[in-house]
Amino acid sequence: MSYSELSNGSKVTQAVAAIIEDAAGRVLLCQQAGGHQLWGLPGGKIRAAESPVHAIIRDIREETGLETEIVEIVGMYQLTGDGCGESMPDLFVHVFRGRLDGGGPALNAPGRISRLAWHDPDALPQPLTATTRTAIADAAAGRTGVLREIERDKEPEVADAA
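An account of the accompanying structure is given in this report. (Residues numbered from 1 in each chain as written. Predicted model: local features only at pLDDT ≥ 70, side-chain atom pairs only at ≥ 80, totals over all residues. Heavy atoms only, no water.)

1. Examining the overall build of the protein chain
1) Next: Tallying secondary structure elements over the protein chain gives two helices and eight strands in all.
2) Next: Burial statistics for the protein chain: of 162 residues in total, 42% are counted as buried.
3) Next: Of all intrachain contacts in the protein chain linking residues separated by at least 6 positions in sequence, the fraction that spans at least 24 positions is 70%.
4) Next: Taken as a whole, the protein chain presents about 8,700 Å² of accessible surface, with 51% of it coming from carbon and sulfur. (Helix = DSSP H or I, 4+ residues; strand = E, 2+ residues; numbered from the N terminus. Buried < 20%, exposed > 50% of the residue type's maximum accessible area, 1.4 Å probe, protein only. Contact = heavy atoms within 4.5 Å. Areas by Shrake-Rupley, 256 points an atom, 1.4 Å probe, with all protein chains shown as cover.)

Encoded structure:
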């Protein structure tokens, strides 16, 4: 079985994300520009022939304009299910703990992300991706090397534009 296939032979999308905290212990989150405008960790898909570590460093640079030092892996999370009401491929996310080098992050990918903001882990914005919610809880509990399967949340309602 290849790394990008599940045991049943179906394809899975490989992605990366990072938990980055500031000095106050707040977590950096990105709000998606499209779709349901979910809040999530910085990151994205792994490109062909790219390692997960290189992918997360590239994605954070693209999204924030800053370099990142990868500290450790929090865990690997397989997102499954049809909670969004349509057949979505499974997503396998490598979640790292990282540290930004330099100043504060700046919104650097406005087509993909509408906002970057620091949030207290005990007061996270909604709607939040299931992977983000679970990975932040694992990191806050001091866990590393976690392997989890997560069920997709039901499709959130999108607020009407005023």
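2. Structural notes on unusual backbone geometry
1) Next: Cis rather than trans, the peptide bond between Gln126 and Pro127 has omega equal to -10°.
2) Next: Position of Pro127 among the secondary structure elements: in the loop between strand 7 (113-119) and helix 2 (130-140).
3) Next: Positive phi, close to 60°, is recorded for Ala49, a residue that is not glycine.
4) Next: Locating Ala49 in the fold gives a position in the loop between strand 4 (43-45) and helix 1 (52-64).

3. Side note on the nonpolar core
1) Next: Membership of the largest hydrophobic core comes to 20 residues, with the highest contact counts inside it found for Ile19, Leu29, Leu41, Tyr77, Val95 and Ile136.
2) Next: Listing elements by their share of this core, those giving two or more residues are strand 1 (12-20), strand 2 (27-32), strand 5 (67-80), strand 6 (90-101), helix 2 and strand 8 (146-151).
3) Next: Of the residues forming this core, the biggest block, four residues, is contributed by helix 2.
4) Next: When near neighbours in sequence (up to four residues on either side) are disregarded, Leu41 contacts Ala17, Ala18, Ile19, Val27, Leu28, Leu29, Cys30, Val95, Thr132, Ala135 and Ile136.
5) Next: Judged by nonpolar contacts, the second largest core, of 16 residues, contains Ala18, Ala55, Leu100 and Leu116. (Core = buried A, V, L, I, M, F, W, Y, C linked by side-chain atoms within 4.5 Å.)

4. Here we look at helix 2
1) Next: Residues of helix 2 that are buried include every one of Ala130, Thr131, Thr132, Ala135, Ile136, Asp138 and Ala139, and no others.
2) Next: Once helix 2 ends, the next one or two residues include Gly142, with phi positive near 80°.

5. Remarks on the side chain of Glu63
1) Next: In this fold, Glu63 is placed in helix 1.
2) Next: By relative accessible area, which is 3% here, Glu63 ends up buried.
3) Next: Of note is the side chain of Glu63, whose polar atom sits 2.7 Å from the side chain of Arg112.
4) Next: With residues near it in sequence (within four places) discarded, Glu63 still touches Cys30, Pro42, Gly43, Ala106, Leu107, Asn108, Ala109, Arg112, Ile113 and Leu116. (Polar contact = N/O pair within 3.5 Å; in protein donor to acceptor, adjacent residues only side chain to side chain.)

6. Some words on the pattern of salt bridges
Pairing of side chains with opposite charge becomes possible as their charged atoms draw close.
1) Next: For the structure shown, the criterion picks out 14 salt bridges.
2) Next: Between Glu62 and Arg47 there is a salt bridge, with its nearest N and O atoms 3.3 Å apart. With Glu62 in helix 1 and Arg47 in the loop between strand 4 and helix 1, this residue pair connects regions lying 15 residues apart in the sequence.
3) Next: For Glu62, a relative accessible area of 25% gives the class partly exposed. (Salt bridge = Lys/Arg side-chain N within 4 Å of Asp/Glu carboxyl O.)

7. Remarks on helix 1
1) Next: Compared with an ideal rise of 1.5 Å per residue, which puts 13 residues at 18 Å, helix 1 spans 18 Å between its outermost C-alpha atoms and is within 8% of the ideal.
2) Next: Ala55, Ile56, Ile57, Arg58, Asp59, Ile60, Glu63 and Thr64 are the residues of helix 1 that are buried.
3) Next: On its buried face, helix 1 is in contact with strand 1, strand 2, strand 4, strand 5, strand 6 and strand 7.
4) Next: Once helix 1 ends, the next one or two residues include Gly65, with phi positive near 80°. (Expected span 1.5 Å × (residues − 1).)

8. What to know about the sheet that holds strand 4
1) Next: A sheet is described by the order of its strands in space; here five strands give the open sequence 4-1-6-5-8, paired in mixed fashion. Sheet topology places strand 4 and strand 8 at the edges, where each strand pairs with a single neighbour. Averaged over all neighbouring strand pairs, the angle between strand axes comes to 25°, with direction disregarded.
2) Next: Taken together, the three bridges between strand 1 and strand 4 define a ladder with antiparallel strand orientation. Counted as the bridge partner of Ala17 is Gly43 from strand 4.
3) Next: Packed onto the sheet, helix 1 meets strand 1, strand 4, strand 5 and strand 6 and runs at close to 60° relative to strand 1.
4) Next: Across the sheet, helix 2 lies against strand 1, strand 5, strand 6 and strand 8, angled at about 120° from strand 5, the strand it touches most. (Pairing = 2+ DSSP bridges. Axes fitted to C-alpha atoms, helices over the stretch in contact; angles between N-to-C directions.)

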